Amino acid sequence: VSEMLSAQGFGGPGKMKEYHYAGAVENRFSPYAFNGGTVLAVAGEDFAVVASDTRLSEGYSIHSRDSPKCYKLTDTTVIGCSGFHGDCLTLTKIIDARLKMYKHSNNKTMTSGAIAAMLSTILYSRRFFPYYVYNIIGGLDEEGKGAVYSFDPVGSYQRDTYKAGGSASAMLQPLLDNQIGFKNMEGVQHLPLTQEKAVQLVKDVFISAAERDVYTGDALRVCVITKDGINEQTIPLRKD
Amino acid sequence: MALEDICCFKDKPAQQLFPFPALETDYHNLELERLKTSQTNWGDPQHIFIPPFPQATPFISRRTSRFRPPNHALTVQRPFPLSHGTTTLGFIFQGGVIAAADTRASAGGLVACPAVHKITPIHSHLVVTSSGSGADCMLWERILIREIRLYELRHKRRLSIRASAKLLSFMLHPFKGTDVCVALTLCGWEKEGGSSGLVHNFGNQSLVTDVSSSGTAGNTSAADPLSPNSGPQVIYVCSDGARLQGDIISVGSGSPYAYGVLDGGLSWGLSKEEAISLAREAVFRATHRDAYSGNNVDLFHIDAQGWIQRPREDLKEEYYRELERRSKRRREKKKRDTIESS
């Protein structure tokens, strides 16, 4: 998968660089870099959980151990952005600006669904030079139920119950499918997810991700969104 | 500066060679210009940023350069894959139109989402099935819904399915040659006396010809069920510029398998249940053989009263039922053989 490659030498997904003389090679400047990180969001009956690790890496180096990828947008919405950090920063600045504009012209805060639809058009307006960001929005919808919206880098989105994005997403998503979606299990009782169980599951899942993904680790930032507000906690992860 | 750009204090660009605002190089995408309603239906209703490379414009412009790099890439090389791969189908029969699709969205080798909606209703008598790149399809469907609704509000009548297909095709045209990959099938029921144009019948498949609707409103087609201008219609529009009306359309990586099943079983006189089960079977066989299609099947049935969505079915169950049926048939055959031989 393309996330495994460093910015310098992607010869296509999964291809190793060949170490024999192959003729003249053009090393183009790539405007993208891959800074790693994993985000995860889970929607419950009346709550939503958005979590991300806090490692910022590039190639073999770690730039920072304290760079969380969850950004608070409104009192009921948090966005997690992972991928290229430069694009994450600009994208969140643009979303904040658009939120303020909406608030000033419509005298109300944007709902989670509206933010998701707006983000889709923002991402698609850069269809030919995309923001290299995997976004996941978690929040409460108008009825107070948990909502998770997951995006691809060019703006395709849909509402889910749970989603993992970023470098360890391919490892975490099947685990969530099994534990929250009860998929691939026969004869299991489908218990609704409580807030405590969801947070514990998220912690366990990130600990597993930090074991096997080099770009995930250092610390975990969990944001729990309920009608009473947003509650943040930080849990340490492996630092190696 | 960056903050200036974000707050939209921009100067008018010095040169405007093209009438399409989409091709202006624009560093901000707050789309304040676009928050006003789209005044015209032609051109691109979405403000899209084109990266400022020498070969960035799709039109061969007056600024000729003697050296044209061989890889004419409109886009920056992307380090991630986009979602692709699907099976969708639509066909007409005496009871209306059936539109069916699988629900898998794949990005490279990963299943990005196992439960996507590939069939979207546009209005009460029209649905569109999408195939190609997920984001492109989703956005272009939204744009199409918006433009059709605007037309309806401005002209107090609904756009015909043919005209919707034409509108979509023209909106996609500026992006021909770029990375945009959209293959939509408009499936719907056209009320009698659909809005515009004369139609020439070329046998079974009628190609939509560009005959303008000069005031021949008196020539509205009487309620002829086999006329291609009213009743059930299936029209395929793609970002390469193709626009085709037909009786059976199947799109995507799994379409060869779907066509095989449909061609084998389809006829005009099928009942509604038979048609639905044929469509399900076609998608099921395609998902079985095509790696990029799978998970569930969505089915819509459109008739004169509008569209009805059937509940989504998991194809895993269908696969096990199929195995059951096969082993039952084998058991019965064995029983018959032993009875005959004795």
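Residues numbered from 1 in each chain as written. Chains lettered and ligands numbered in written order. Predicted model: local features only at pLDDT ≥ 70, side-chain atom pairs only at ≥ 80, totals over all residues. Heavy atoms only, no water.

A.B. asks: Could you give an account of the overall build of chain A, naming the residues involved and the relevant values?
C.D. replies: Tallying secondary structure elements over chain A gives four helices and twelve strands in all. At 19 Å, chain A has a C-alpha radius of gyration in line with the 18 Å of a compact globule built from 240 residues. Projected onto its principal axes, the C-alpha coordinates of chain A cover approximately 60 × 50 × 30 Å. Within chain A, the proportion of its 240 residues that are buried is 55%. (Helix = DSSP H or I, 4+ residues; strand = E, 2+ residues; numbered from the N terminus. Rg over C-alpha atoms; globule rule 2.2 N^0.38 Å. Buried < 20%, exposed > 50% of the residue type's maximum accessible area, 1.4 Å probe, protein only.)

A.B. asks: Before we move on, could you go through the packing of helix α3 (residues 169-179) of chain A against helix α4 (residues 195-212) of chain A and cite the residues and values that matter?
C.D. replies: All names here are of chain A. Contact geometry of α3 with α4 gives a least axis separation of 10 Å together with a crossing angle of 150°. Considered as vectors, α3 and α4 are oriented roughly antiparallel to each other. Viewed along their axes, α3 and α4 form a crossing whose handedness is right-handed. Along the contact surface, α3 presents Met171, Leu172, Leu175, Leu176 and Gln179, while α4 presents Leu201, Val205, Ala209 and Arg212. (Axes fitted to C-alpha atoms, helices over the stretch in contact; angles between N-to-C directions. Parallel < 35°, antiparallel > 145°, perpendicular 65-115°, else oblique. Left-handed = near helix turned anticlockwise from the far one by under 90°. Contact = heavy atoms within 4.5 Å.)

A.B. asks: Lay out the side chain of Asp303 of chain B with the relevant residues and their values.
C.D. replies: Residues and elements named next belong to chain B. With respect to the secondary-structure elements, Asp303 resides in strand β12 (residues 296-303). The charged side chain of Asp303 is buried without a salt bridge, its nearest counter-charge being Lys272 at 5.9 Å. Residues in contact with Asp303, not counting those within four places in the same chain, are Gly95, Gly96, His125 and Trp189. (Lys, Arg positive; Asp, Glu negative; His and termini not counted. Salt bridge = Lys/Arg side-chain N within 4 Å of Asp/Glu carboxyl O.)

A.B. asks: Lay out the packing of aromatic side chains with the relevant residues and their values.
C.D. replies: Residue and element names in this part refer to chain A. Inspection of the entire model under this criterion finds 13 aromatic pairs over all chains. Aromatic pair Tyr132 and Tyr134: ring centres 6.2 Å apart, planes at 70°, arrangement edge-to-face. For Tyr132, a relative accessible area of 2% puts it in the buried group. By relative accessible area, which is 15% here, Tyr134 ends up buried. An aromatic cluster of at least three residues, connected via ring pairs, comprises Tyr32, Phe34, Phe84, Phe129, Tyr132, Tyr134 and Tyr215. (Phe/Tyr/Trp six-rings, centres within 6.5 Å; stacked < 30°, edge-to-face > 60°.)

A.B. asks: Let's hear about the sheet that holds strand β7 (residues 126-132) of chain B: which residues, and what values?
C.D. replies: Think of a sheet as strands paired side by side through backbone hydrogen bonds, with each pair either parallel or antiparallel. Residues and elements named next belong to chain B. The strand order β6-β7-β8-β9-β10 describes an open sheet built from five strands, whose pairing is antiparallel. Each end of this open sheet is capped by a strand with a single partner; those strands are β6 (119-123) and β10 (243-246). Direction aside, the axes of adjacent strands within the sheet are offset by 25° on average. Summarising the sheet, strand β9 (residues 231-238) and β10 pair through four bridges and their orientation is antiparallel. Looking across to β10, one finds that Val234 is bridged to Gly246. (Pairing = 2+ DSSP bridges.)

A.B. asks: Quick rundown of the environment of Ser133 of chain B? Include the residues and the values.
C.D. replies: Relative to the assigned elements, Ser133 of chain B resides in the loop between β7 and α2 (134-155). The buried category is assigned to Ser133 of chain B, whose relative accessible area is 2%.

A.B. asks: Pulling in residues and values, what's your account of a nonpolar patch on the surface?
C.D. replies: Residue and element names in this part refer to chain B. Taken together, Tyr319, Tyr320 and Leu323 make up a surface patch of nonpolar side chains, about 290 Å² in accessible area. Along the polypeptide, Leu323 turns up in helix α6 (residues 315-341). The class of Leu323 is partly exposed, set by a relative accessible area of 36%. (Patch = residues over 30% accessible without salt bridge, like charges linked within 9 Å, V, L, I, M, F, W, Y side chains within 5 Å. Areas by Shrake-Rupley, 256 points an atom, 1.4 Å probe, with all protein chains shown as cover.)

A.B. asks: Can you tell me about the side chain of Thr54 of chain A, naming the residues and giving the values?
C.D. replies: Its location among the elements puts Thr54 of chain A in the loop between β2 (48-53) and β3 (56-58). Ignoring anything within four residues of it in the chain, the contact list for Thr54 of chain A reads Ser64, Arg65, Asp66, Ser67, Pro68, Lys69, Gly217, Asp218, Ala219 and Arg221 of chain A.

A.B. asks: Provide a residue-level description of the environment of Asp290 of chain B, including the pertinent values.
C.D. replies: All names here are of chain B. Structurally, Asp290 is set in the loop between α5 (272-289) and β12. A C-alpha to C-alpha distance of 9.6 Å links Asp290 and Pro256, two positions 34 residues apart in sequence. In this structure Asp290 touches Thr86, Thr87, Ser253, Gly254 and Tyr257, once residues within four positions along its chain are discounted.

A.B. asks: Please set out the sheet that holds strand β6 (residues 77-83) of chain A residue by residue, giving values where relevant.
C.D. replies: Residue and element names in this part refer to chain A. Spatial ordering of the open sheet is given by β5-β6-β7-β8-β9, a layout of five strands whose pairing is antiparallel. Of all strands in the sheet, those with a lone pairing partner are β5 (70-74) and β9 (157-160), marking the two edges. The average angle at which neighbouring strand axes cross in this sheet is 25°, direction not considered. Bridge count for strand β8 (residues 146-151) against β9 is four bridges, and the pairing is antiparallel. Pairing of Ser150 across the sheet is with Gln158, part of β9. The sheet strands contacting helix α1 (residues 85-106) are β5, β6 and β7 (133-140), and the helix crosses β5 at an angle near 10°.

A.B. asks: Account for the pattern of salt bridges, naming residues and giving values.
C.D. replies: Taken as a whole, this structure holds 26 salt bridges over all chains when the rule is applied. Here Lys72 of chain A ties to Asp75 of chain A by a salt bridge, and the two come within 3.6 Å at their closest N and O atoms. Lys72 of chain A gets classed as partly exposed once you look at its relative accessible area, which sits at 48%. Judged by relative accessible area, Asp75 of chain A falls into the exposed class, the value being 58%. With a shortest N-O distance of 3.0 Å, Arg221 of chain A and Glu232 of chain A are connected by a salt bridge. Highlighted residues: Arg221 of chain A in strand β11 (residues 219-226) and Glu232 of chain A in strand β12 (residues 229-236), separated in sequence by eleven residues. Three or more residues are tied together by salt bridges with common partners; here these are Arg280, Glu281, Arg285, Glu313, Glu318, Arg321, Glu322, Arg325 and Arg326 of chain B.

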